[in-house]
Structure formats: C-alpha cells, structure tokens
Amino acid sequence: MGRHTRALRSVDQEAFAESGDGHDDLAKALYQEFGGSLMAFALRLTGHDRQWAEDVVQETLIKAWRNADKLDRQPEMLRAWLFTVARRIVIDGWRSRSVRPQELEEIESDAIAVSDESDRTLAAMIVYEALQGLSPEQREAIQQTYLRDRTVNEVAATLGVPPGTVKSRIHHAVRALRRALRERG
C-alpha cells in the first residue's frame, strides 16, 4: 500500500459525500497528504514567491473542496488533479500579471523631483559673477578654452601670445574662480 493510499484511507469514505463536514475532512486529508509536495511544486512555478505559492496551494485545496463529490478517489489521480489545478492557477496568475501594469509604490508628492531649470540658472549666474572678478586676459583664456573648447595652442595663436602665457592665465583664473565660488557657497 502506497504512502498516499494510507493517508486517504484513514479518512472515512464519507469525506466524498456532499455534507460540509465530509468536505472539511477531505480538505484536511488532502492538505496533510499533498500539502508539502504541492507547496514545493507551487514554489518552483512561482519563481520561489512564497506568498504566491501559499495562495496557489490554498486556492487548489478550495477547488478540491468545492469539487469533492466529483474527485476520483485514487490517490494517484487526486495528486495529478491537484498538481494540474495548481499549474493552471499559476499560469493564470502569470497571464494576469503580464496584462495589467506593474504596481508601483505610492510616492509622496514632496519626494517627487520636478525638472526645473532654476538650479542651472542660479549656478550659471554665480559662475558669471565669478568670471566678472577675473582680469580681462584671464576671462578671455577661460572663455576660449573651456567655453569654446579650443586648445591652448589655438588660443595662443588667436590672442598672439605664447602657449605658456595662456596656460598661466588659465591656471591663475581657475584658482581665482575656485576661491570666488567657495566664498559664494
């Protein structure tokens, strides 16, 4: 006598009758006998989502309880029926999850970042003011190299000064800008 047969024979044959108590006995016997393996099966099918797997097992046993008078009494057939029902429940779950949009957590309105140019505008104003504190030669060297993306040699040729002079102006200008920006916070 197989493992499944022993467990199900311990439940009185009235478990298959239409009375509510018989159905409850059947549901308990099915859970005791097949609950563990059904749960392991559901876990594999749900990608190890324990809560979903528990829901699948519960829904499977509810369907067995509702169809108690129609179930085949052979343990192998019961097992096959339960596993088929569980598989179909999971398939339906996957289908419904793929159709409906993914649920997102509710975000507080204070936490929502709104695209705003005010920070960039403020930063540009601060940099502009800091640039005004430079000498005209330093400001020209910074504008030509950083803002117009020219090389030191190109700027030197445009201004008619040696490349070393351009490098020196850039070096002193950057130090002065750092100091001015630090002071402004």
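As the structure is a prediction and not an experimental result, all values here were calculated from the model.

Conventions and cut-offs
- Residues numbered from 1 in each chain as written.
- Predicted model: local features only at pLDDT ≥ 70, side-chain atom pairs only at ≥ 80, totals over all residues.
- Heavy atoms only, no water.
- Core = buried A, V, L, I, M, F, W, Y, C linked by side-chain atoms within 4.5 Å.
- Buried < 20%, exposed > 50% of the residue type's maximum accessible area, 1.4 Å probe, protein only.
- Helix = DSSP H or I, 4+ residues; strand = E, 2+ residues; numbered from the N terminus.
- Patch = residues over 30% accessible without salt bridge, like charges linked within 9 Å, V, L, I, M, F, W, Y side chains within 5 Å.
- Areas by Shrake-Rupley, 256 points an atom, 1.4 Å probe, with all protein chains shown as cover.
- Salt bridge = Lys/Arg side-chain N within 4 Å of Asp/Glu carboxyl O.
- Lys, Arg positive; Asp, Glu negative; His and termini not counted.
- Charge placed at Lys NZ, Arg CZ, Asp CG, Glu CD.
- Expected span 1.5 Å × (residues − 1).
- Axes fitted to C-alpha atoms, helices over the stretch in contact; angles between N-to-C directions.
- Parallel < 35°, antiparallel > 145°, perpendicular 65-115°, else oblique.
- Left-handed = near helix turned anticlockwise from the far one by under 90°.
- Contact = heavy atoms within 4.5 Å.
- Polar contact = N/O pair within 3.5 Å; in protein donor to acceptor, adjacent residues only side chain to side chain.
- Phe/Tyr/Trp six-rings, centres within 6.5 Å; stacked < 30°, edge-to-face > 60°.

Participant: I keep staring at the nonpolar core and nothing clicks. Help me out?
Facilitator: What tends to happen in soluble globular proteins is that the nonpolar side chains get buried as a cluster. Judged by nonpolar contacts, the single largest core of 23 residues is most densely connected at Leu 30, Leu 38, Val 56, Val 57 and Leu 82. A per-element tally of this core places helix α2 (residues 20-45) first, with eight residues.

Participant: Explanation requested: a positive patch on the surface in the structure shown.
Facilitator: A cluster of basic residues, Arg 175, Arg 178, Arg 179 and Arg 182, forms a positive patch on the protein surface. Its location among the elements puts Arg 182 in helix α8 (residues 163-184).

Participant: Just to check I follow, could you spell out helix α3 (residues 50-66) for this structure?
Facilitator: Note: α-helices contain 3.6 residues per turn, so residues at a spacing of three or four share the same orientation. With 17 residues, α3 extends 24 Å between its outermost C-alpha atoms, agreeing within 8% with the 24 Å of an ideal straight helix rising 1.5 Å per residue. Looking at α3, one finds that the buried residues are Trp 52, Ala 53, Val 56, Val 57, Thr 60, Leu 61 and Ala 64.

Participant: So what exactly am I meant to see when it comes to the packing of α3 against helix α4 (residues 75-99) here?
Facilitator: To characterise two packed helices, one gives the angle between the axes of the helices and the distance between these axes. Interaxial distance between α3 and α4 falls to 9 Å at its minimum, and their mutual angle equals 130°. Overall, the two elements α3 and α4 adopt an arrangement that is oblique. For the crossing formed where α3 meets α4, the hand is right-handed. Note on element contacts: α4 touches α3 through Trp 81, Leu 82, Val 85, Ala 86, Ile 89, Val 90, Gly 93, Trp 94 and Arg 97, opposite Trp 52, Val 56, Glu 59, Thr 60, Leu 61, Lys 63 and Ala 64.

Participant: Would you mind showing me how to read the pattern of salt bridges here?
Facilitator: Proximity of charged atoms lets side chains of opposite charge pair with each other. Within the structure shown, the criterion is met by one salt bridge. Across the pair Glu 54 and Arg 50 runs a salt bridge, and its minimum N-O distance is 3.5 Å. With Glu 54 and Arg 50 both in helix α3 and four residues apart, the pair spans about one turn of that helix.

Participant: Please explain the side chain of Arg 139 as it appears in this structure.
Facilitator: Within the secondary structure, Arg 139 is located in helix α6 (residues 136-147). Put simply, Arg 139 is tucked away with no salt bridge, and the nearest opposite charge, on Glu 140, sits 7.1 Å away. Among the polar contacts made by the side chain of Arg 139, one reaches the main-chain carbonyl oxygen of Leu 131 at a distance of 3.1 Å. Here Arg 139 is in contact with Leu 131, Gln 132 and Leu 134, once residues within four sequence places are set aside.

Participant: Honestly, the packing of α6 against α8 in this entry has me stumped. Any pointers?
Facilitator: Packing of α6 against α8 leaves a shortest axis separation of 8 Å and a crossing angle of 100°. When the axes of α6 and α8 are compared, the pair comes out roughly perpendicular. Taking contact as the criterion, the partners of Glu 137, Gln 138, Ala 141, Ile 142, Thr 145 and Tyr 146 in α6 are, on α8, Val 166, Arg 169, Ile 170, His 172, Ala 173, Val 174 and Leu 177.

Participant: Looking at this model, I keep getting lost on the packing of aromatic side chains. Mind explaining?
Facilitator: Within this structure, the stated rule accounts for two aromatic pairs. Measuring from centroid to centroid gives 4.8 Å for Phe 41 and Phe 83, while their planes differ by 45°, and the two rings are tilted. Of this pair, Phe 41 sits in helix α2 while Phe 83 sits in helix α4; the two residues are 42 residues apart in sequence, bridging distant segments of the chain. Both residues of the pair, Phe 41 and Phe 83, belong to the buried class. A ring pair is formed by Trp 52 and Trp 94, whose centres lie 4.9 Å apart and whose planes are at 70°; its orientation type is edge-to-face. Taken together, the residues span a long stretch of sequence, with Trp 52 in helix α3 and Trp 94 in helix α4 at a distance of 42 residues. Taking relative accessible area as the criterion, Trp 94 reaches 42% and is therefore assigned partly exposed.

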